[in-house]
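What the coordinates show
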Amino acid sequence: MANRPDTARPVVYVLNGPNLNLLGTREPHIYGAETLDDIAGSLEDRAIELGLDVDVRQSNHEGHLIDWLHEASATGAAAVLLNAGAYTHTSVALYDAIKAISVPVIEVHLSNPHTREAFRHQSYVGMAAKATIAGLGSLSYLLALEAVPRL
């Protein structure tokens, strides 16, 4: 996974929630065959072209995602791309953390939650995020990154 390089370029945190460490093997008919490392590599390449750095992280623990949102704010990150996985639909704590920081957050999803089970139609993350990009596989991440310089 990508780590924050020591450069003067603005940093975009890319935070990934539960089960996203299993990309490439977990339900590839829904989430695709690319791994999280594959996505991180594509983001790193495009970030350089955009004059940005990415810091890609994944955790199966809600508290880590909240701590990283706070860290993004404290370090002056340019933005956060957040794929909160299932926490998208359950976490008022993530909603509160996003509302508590001034860093713009873009919600990202590989699949389109609105075409899936009814419980996935509500997004606490989306209620607090500046924007949402979903349903385009790994391209969702790249499109979110493309938006960062325009925020």
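Let me begin by describing the structure that accompanies this report. The residue count restarts for each chain, going from 1 along the sequence in the order it is written. Confidence filtering applies because this is a predicted model: local features only for residues at pLDDT of at least 70, side-chain atom pairs given and counted only at 80 or more, and all residues used for totals across whole chains, interfaces and linings. Side-chain calculation: all heavy atoms of the structure are included, whereas hydrogens and water are not.

Next up on the list: the pattern of salt bridges. Salt bridges are counted wherever a side-chain nitrogen of Lys or Arg sits within 4 Å of a carboxyl oxygen of Asp or Glu. By the definition in use, this model includes 5 salt bridges. Among the ionic pairs, Glu49 bridges to Arg46, the shortest N-O distance being 2.6 Å. Placement of the pair is Glu49 and Arg46 together in helix H2 (residues 36-50), with a separation of 3 residues, close to one helical turn. Exposure remark for Glu49: the relative accessible area of 59% places this residue in the exposed category. Residue Arg46 is classed as partly exposed on the basis of its relative accessible area, which comes to 22%. Between Arg46 and Glu146 there is a salt bridge, with its nearest N and O atoms 2.3 Å apart. Placement of the pair is Arg46 in helix H2 and Glu146 in helix H6 (residues 139-147), with a sequence separation of 100 residues. Here the residues in one salt-bridge network are Arg46, Glu49 and Glu146, joined through shared partners. Elements are defined by DSSP. Helices are runs of H or I of four residues or more, strands are runs of E of two residues or more, and each kind is numbered from the N terminus. Relative accessibility thresholds used throughout: buried, under 20% of the residue-type maximum; exposed, over 50%; partly exposed, between the two (1.4 Å probe, protein chains only).

This part covers the sheet that holds strand S1 (residues 11-16). Backbone hydrogen bonds hold the strands of a sheet together, and the pairing may be parallel or antiparallel. As summarised here, the arrangement of the 5 strands in space is S2-S1-S3-S4-S5, forming an open sheet in which the pairing is parallel. The open sheet has two free edges, formed respectively by strand S2 (53-58) and strand S5 (131-134), since each of these has just one partner strand. Averaged over neighbouring strand pairs, the angle between their axes works out to 20° when direction is ignored. When DSSP finds at least two bridges between two strands, those strands are taken to pair. Two strands pair when backbone bridges link them, and strand S4 (residues 105-109) and S5 are joined in this way by 4 bridges, in the parallel orientation. Note that in S5 the partner of Glu107 across the bridge is Thr132. Across the sheet, helix H3 (residues 62-74) touches S1, S2, strand S3 (79-83) and S4, and the angle it forms with S1 is around 170°. Helix axes use the C-alpha atoms of the stretch in contact, all axes being lines fitted to C-alpha atoms, and the angles between their N-to-C directions lie in the range 0 to 180 degrees. The contact criterion used is simple: two residues touch if any of their non-hydrogen atoms lie within 4.5 Å.

It is worth spelling out H3 at this point. Given the number of residues in a helix, its expected span is that number minus one, multiplied by 1.5 Å. With 13 residues, H3 should reach 18 Å at 1.5 Å per residue; the first-to-last C-alpha distance of 19 Å fits that figure. All of the buried residues along H3 are Leu65, Ile66, Trp68, Leu69 and Ala72. In an axial view of H3, the angular spread of the buried residues amounts to 160°, which keeps them on one side of the axis. Those residues of H3 that are buried lie in contact with S1, S2, S3, helix H4 (92-100) and S4. Following H3 by one or two positions, Gly76 has its phi on the positive side, about 75°. What the arc describes is the spread of directions from the helix axis to the C-beta atoms.

Take the pairing of S1 next. Side chains on a regular strand alternate between the two faces of the sheet. For S1, the buried fraction is high: 6 of the 6 residues fall into the buried class. Burial along S1 is two-sided: the face carrying Val11, Tyr13 and Leu15 and the face carrying Val12, Val14 and Asn16 are both buried. Sheet topology note: the S1/S2 ladder contains 6 bridges and is parallel. Across the sheet, residue Leu15 finds its bridge partner in S2, namely Arg57. Here S1 pairs with S3 via 5 bridges, running parallel. Within S3, the position partnered with Asn16 by the bridge is Asn83.

Packing of H3 against H4 brings their axes to within 9 Å, and their N-to-C directions diverge by 5°. By the criterion of interaxial angle, the relationship of H3 to H4 is roughly parallel. Taking contact as the criterion, the partners of Glu62, Leu65, Ile66, Leu69 and His70 in H3 are, on H4, Ala93, Leu94, Ala97 and Ile98. Gly is put with the polar residues, along with every residue not named as nonpolar or charged; the nonpolar set is Ala, Val, Leu, Ile, Met, Phe, Trp, Tyr, Cys and Pro, and the charged set is Asp, Glu, Lys and Arg. Class assignment for the residues of the contact of H3 with H4 results in 7 nonpolar, 1 polar and 1 charged. In what follows, roughly perpendicular refers to angles from 65 to 115 degrees, roughly parallel to angles under 35, roughly antiparallel to angles over 145, and oblique to any angle outside these ranges.

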